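Given next are the chains, with one letter for each unit.
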Amino acid sequence: MKITPFLLHILVAAAQDDGFKQPQRLTHTTLTTVNNGNDLLLSALSHDGLVSITSIPNFSYLKHTVLRHVSSCLLNSDAAQGQKSVVFQDGTTRRSFAFATEDIANALKDLPPTSSCMAFASSIVRFRSAVDAVVEAFARRLSSELESFLMKPLLTGASGSEGPSSWNTVEEVVAARDYLDHFHSYQKLDDGKDKTIEFHIDQGFFLAFTPGMVVDSNSLGVADLSGGFLVRDSSGMENELLFNESDDLVIMLGDGVNQYINNKLITDESTKALYATPHALTLKTHQDPSLSRVWFGRMILPPQFAFVPSSEDSTTFGQIRRDIIQHFATNEKSIVALGCSSNEFEIGLHGFSSVSRNLHETSCAEDELFCWFKCMPLADYELTTTTCSERNLQLQCANPRDQVVPDGHQHGDFFPACTNSTEPASDYPLINQQDNLTCPDLWEEFVATDESYDHIANLTVPNGPETQLMWSVTDDNKIKARLVHNNVFGWLAIGFANPGGNLNGMCGGQILLATPYGTEDYSPVTGLDNSTDAMIGTYVIDTNDTAFRHWMDPIETEESMSPVAAIESDDCFTAISFESDHINGKEFNITGTDDMIWAGNSVDYYVGYHGPFSRMRFTIDWMSGSVIPIIAPEEEEEEEETHDEESHSDDTTSAKNGVTVGVEEIASGLSETDGEASDNTATKETDSGASFNNNNVVAWVAFVIAAGFSVFV
């Protein structure tokens, strides 16, 4: 393929410790100031899904007072109404105290008459009032910033029911005051190595929480802010958030944004989609048994009289809560699908908790190995039941880097292999990422070009990096196009979908693929050869095996190499341009429509997985400029969740996995991970900016508010 000259610009990113990041912060004064057109919340909530509110008047004292005393109250008395405890897989014990919006009086009157419990009771009303004010200010500000981008109403309810019959704004939804407040005290006295709570997404609209603090229940002194709160942002990066004393109250979005915000965005405003934040918690061992990590969170729930979106029988959120409680009361042990933003979210009615694909049988035949979430025939890999033992090796589920997954429950380029390796599977090395301080201001300049194009289409996937396709039809009936992507360069591709291909047309697709280094010496062990130059080539994706090593050789016929193409890349953005009447001999349908795909990766140099937010299938009418996303059939979406991608090394908690949640636990309240609410829950990926939901019938499973249920999991 002919490659026109291009320049790879190298910029220096802002210094940041690997694996750590500061939360985006907004002062209370700014939050409560009338919006002057600056989308301050949207910029944070669309990328990270959370924002820290600082400098709340008189809040720091109230926060420290309440958390100090509730810790001592929970540790030193087990008789408090609603106080229950749970032990996590890493040995951490969590004691919880919780109440619904208006239940505080009943909850407080039964507290034990200890000095710490009484001090907690005397300060809680002022503390909750301060939280009220911030939550309401946040709702007003977000309503203002989203006002012109949303269709109305957001939710509807039955006429004549208690309260309104429709809710048009975020402010109105929050004004319904369906809240659930909870306090947690964590103690980890054993040196467990696991995460305390794995990555998940909360089942609420949003959560307002105080960063965890380590408190001495004897002296009531605050020892330090607690670490270990991990988040995964919309680009797939995982970092521990570094809170400090200025972080008064943190707002973090839950799956509710996919229920009645993102699906209400008007056409071409998918870049305003809010991001529900996956998060996890890992605690260090407390050497002193008087120490505990304490935390407060308020879950904002949908109005109980509002209809669940897409409900065919006008089911309300209040009915869902009552149904869950009824299931729990009858001790029913079946698995029921209760929705969320994806119909893959399931509820195990007896505390069963696992991602949906983990429900599959893991017992395989003698001549098979459970690997990559399925039974793989050994014969497909030229192995027998004795091949490995005869070589004094073990039969294991391994990847090309000789990393192993003993139980087979991990995604990626895994297969049965003979190896004695004990190295656990890990992610590919992360490439340098965007500098969020400087890159946003440079995007418009990068998009601008001296070339003129007749059409521009927004190919951005909700919660994904902004991506645009510009094109013209030339006088000699060629397509002259430029694909611009608001992220760094791991790889970027565009081409024809395979109409009968698996994974929404990806398998068998014919594409132009740009990589930052040449692919001639590519290795699934070491990745691209960084001593070579960037290149664009024509490729055909394998019809069965999607890992790059199975189709890494470019098509080098005279015809396939005839398109003119170019790469633009710097430390912020990527673009590819081409001019041709075909890709690999398949001609563009200039006077009709073509079935196309694009995808990109901005995290590794292994030509790894594109992730759920950096790819789309679409039909395009080259002459009229019409672009329509194509939604994958439901069965293909399930298949795509488990497809064999090399860098898909550990995606069991990623934003595209279905999850089950224990109703026995949910019926007792909401999970917490410092935003730890709702057990192992995540949103399913969508295939275009046109769809955020899968028409689930019922949702928001973790919204149980009932007397007697007040512990959170």
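Source: prediction; values computed, not measured.

Participant: What should I look at first to understand the sheet that holds strand β2 (residues 20–21) in this one?
Facilitator: In a beta sheet, neighbouring strands are held together by backbone hydrogen bonds and run either parallel or antiparallel to one another. Spatial ordering of the open sheet is given by β2-β14-β13-β16-β10, a layout of five strands whose pairing is mixed. Each edge of the sheet is formed by a strand with only one pairing partner; in this case those strands are β2 and β10 (197–200). Two elements, β10 and strand β16 (residues 279–281), share two bridges in a ladder whose sense is antiparallel. Counted as the bridge partner of I197 is L281 from β16.

Participant: Help me understand a negative patch on the surface in this model?
Facilitator: Judged by side-chain charge, E520, D521, D553 and E556 come together as a negatively charged surface patch. Within the secondary structure, D553 sits in the loop between β29 (535–540) and β30 (564–569).

Participant: I'm lost on the side chain of S580 in this one. Help?
Facilitator: Structurally, S580 can be placed in strand β31 (residues 574–580). Of note is the side chain of S580, whose polar atom sits 2.8 Å from the backbone oxygen of H582. Each residue touching S580, except ones within four places of it in the same chain, is listed here: K478, I479, P563 and F588.

Participant: Quick question: what am I supposed to make of the nonpolar core here?
Facilitator: Across soluble globular proteins, nonpolar side chains have a tendency to be buried as a group. Judged by nonpolar contacts, the single largest core of 67 residues is most densely connected at F183, F205 and I261. When residues of this core are assigned to their parent elements, the largest contribution, 14 residues, is made by helix α5 (residues 115–146). When near neighbours in sequence (up to four residues on either side) are disregarded, I261 contacts L146, L150, L154, V170, F205, G256 and L274.

Participant: So what exactly am I meant to see when it comes to the state of the cysteines here?
Facilitator: Disulfide: a covalent bond formed between the sulfur atoms of two cysteine residues. Taken as a whole and assessed by the stated rule, the structure comprises five disulfides. Between C388 and C418 runs a disulfide, and the two sulfur atoms are separated by 1.9 Å. One quick way to see it: the torsion about the S-S bond of C388 and C418 is about -80°, and its sign makes the bridge left-handed. One end of the pair, C388, is in helix α9 (residues 387–390); the other, C418, is in strand β23 (residues 415–418), with 30 residues separating them in the sequence. For the pair formed by C388 and C418, the shared burial category is buried. Here C439 connects covalently by a disulfide to C572, the sulfurs 2.0 Å from one another.

Participant: Help me understand the packing of aromatic side chains in this model?
Facilitator: For any pair of aromatic rings, geometry is given as the distance between the ring centres together with the angle between the planes. Considering all chains together, one arrives at 27 aromatic pairs under this definition. With a centroid separation of 5.5 Å and an interplanar angle of 25°, the aromatic rings of F59 and F127 are classed as stacked. Pair noted here: F59 is in helix α3 (residues 59–76) and F127 is in helix α5, with a separation of 68 residues, a long-range link. Exposure class is identical for F59 and F127. Each is buried. Consider the rings of F183 and F296, whose centres lie 5.0 Å apart with planes at 45°: the pair is tilted. Residue F183 is located in strand β9 (residues 179–187), and its partner F296 is located in strand β17 (residues 291–300); the two are separated by 113 residues in the primary sequence. Take F183: its relative accessible area is 0%, and that puts it in the buried class. One cation-aromatic arrangement involves R232 over F199; the distance from NZ or CZ to the ring centre is 4.4 Å. Stacked on the ring of F496, the Lys or Arg K586 has its end atom at 5.1 Å from the ring centre.

Each value, and the rule that gives it
- Residues numbered from 1 in each chain as written.
- Predicted model: local features only at pLDDT ≥ 70, side-chain atom pairs only at ≥ 80, totals over all residues.
- Heavy atoms only, no water.
- Pairing = 2+ DSSP bridges.
- Helix = DSSP H or I, 4+ residues; strand = E, 2+ residues; numbered from the N terminus.
- Patch = residues over 30% accessible without salt bridge, like charges linked within 9 Å, V, L, I, M, F, W, Y side chains within 5 Å.
- Areas by Shrake-Rupley, 256 points an atom, 1.4 Å probe, with all protein chains shown as cover.
- Salt bridge = Lys/Arg side-chain N within 4 Å of Asp/Glu carboxyl O.
- Lys, Arg positive; Asp, Glu negative; His and termini not counted.
- Charge placed at Lys NZ, Arg CZ, Asp CG, Glu CD.
- Polar contact = N/O pair within 3.5 Å; in protein donor to acceptor, adjacent residues only side chain to side chain.
- Contact = heavy atoms within 4.5 Å.
- Core = buried A, V, L, I, M, F, W, Y, C linked by side-chain atoms within 4.5 Å.
- Buried < 20%, exposed > 50% of the residue type's maximum accessible area, 1.4 Å probe, protein only.
- Disulfide = S-S within 2.5 Å.
- Phe/Tyr/Trp six-rings, centres within 6.5 Å; stacked < 30°, edge-to-face > 60°.
- Lys NZ or Arg CZ within 6 Å of the ring centre and 35° of its normal.

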